[in-house]
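# An overview of the molecular structure
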Amino acid sequence: MTTAARSRPAAGVQPGPVPPSGSAGGSATPFEKGVARRIAAAVVRYGAPPVLSLAVGIAAWYAVSYLILSPARRFLLPPPHTVLVESLLDPDHVGPMLDALWVTAKVCFVGFAFAALIGVSIGVLMSRGSFMERAIYPWAVVLQVIPVLAIVPLIGLWFGYGMVARTIVCVIIAIFPIIANTHFGLVSVDKSSQELFTLSKATPVQRLLMLEFPSALPSMMTGFRTASGLVVVGAIIGDMFFAKGEPGIGTLLDIYRARLQSDDLIAAIVLASVFGILVFGVFSILTAAVNRRR
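My aim in this report is to walk through the structure given alongside it, one point at a time. (Residues numbered from 1 in each chain as written. Predicted model: local features only at pLDDT ≥ 70, side-chain atom pairs only at ≥ 80, totals over all residues. Heavy atoms only, no water.)

### Overview of the overall build of the protein
- Secondary structure summary: the protein contains 11 helices and zero strands in total.
- Listed by position from the N terminus, the elements making up the protein come as α-α-α-α-α-α-α-α-α-α-α.
- Compactness check: the protein gives a C-alpha radius of gyration of 29 Å against a globular reference of 19 Å for 294 residues, more than 25% above the reference.
- Along the first, second and third principal axes, the C-alpha set of the protein runs to 105 × 75 × 30 Å.
- The buried share among the 294 residues of the protein stands at 34%.
- Counting contacts in the protein only where the partners sit at least 6 residues apart, residues at least 24 apart contribute 72% of the total.
- Carbon together with sulfur atoms contributes 72% to the accessible area of the protein, which is approximately 17,900 Å² in total.
- Computed over 22 positive and 14 negative side-chain charges, the inter-centroid distance for the protein is 15 Å. (Helix = DSSP H or I, 4+ residues; strand = E, 2+ residues; numbered from the N terminus. Rg over C-alpha atoms; globule rule 2.2 N^0.38 Å. Buried < 20%, exposed > 50% of the residue type's maximum accessible area, 1.4 Å probe, protein only. Contact = heavy atoms within 4.5 Å. Areas by Shrake-Rupley, 256 points an atom, 1.4 Å probe, with all protein chains shown as cover. Lys, Arg positive; Asp, Glu negative; His and termini not counted. Charge placed at Lys NZ, Arg CZ, Asp CG, Glu CD.)

### What about the packing of aromatic side chains?
- For the structure on display, the rule yields six aromatic pairs.
- Seen in terms of ring centroids, Tyr62 and Tyr66 are 6.2 Å apart; in terms of plane orientation they differ by 10°. Their pairing is stacked. You can see Tyr62 and its partner Tyr66 sitting in helix H2 (residues 30-68), four residues apart, about one turn around the helix.
- Relative to Phe242, the ring of Tyr161 lies with its centre 5.8 Å away and its plane at 45°, an arrangement referred to as tilted. (Phe/Tyr/Trp six-rings, centres within 6.5 Å; stacked < 30°, edge-to-face > 60°.)

Here it is in structure tokens:
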């Protein structure tokens, strides 16, 4: 066989395209470069402001600790590295805080579950007619605007000073957004869809489960997201005033305040804040996912 015959491709086989010289060596394509630029721009746009504000806050913290407070009074606001080293990174200090935070978390989860169950039920009742709305809504508003600290002694007198009382405080603080958003979502269902279910002779339960709840879900998720932040506040308040039983993070906050342990106090506040942000962030992601699916 001649050299020319060996160099010809086999019948029916087309030679593959020659890759461009710019793609050799694994260099990125223009599309990949555009995606990378958009990601970098998004990171700078959404990540830079909070990082910058955090840096400014820490700088102001250092300024107050070292420039305003005298060494004898620096215990009132110890510098950030002291809080980090002597509290957050010290197992003897951070261990009890994490245990107490877990107690508070359990109260939050139970309180939120009850607030969601009761709040959705009341919202459904209010949506059944104008009479039920006028009969229930004013009391829901009263429950929202009444200072919870004013009724704390009454809650302790009736339910004791343990976990039950803490859970009740969580429910009282977190229930109103769930009621309001559930009611709003249910009464905002499309009228034509309501008429279609009426023509189909759907039962009230079928109408509620197959039409009203799916339509009201975005509004309900907004209420759940708002309540998720409030329930953490309610649990910490309950810890502070109902100290019977396992101590929560709010109980430790009160103890550290009384003992002037500022570094541990700030560390406990940081842990409680991170927990609240995580809870709120989870419900924000769930709300965004529900809205995208619609």
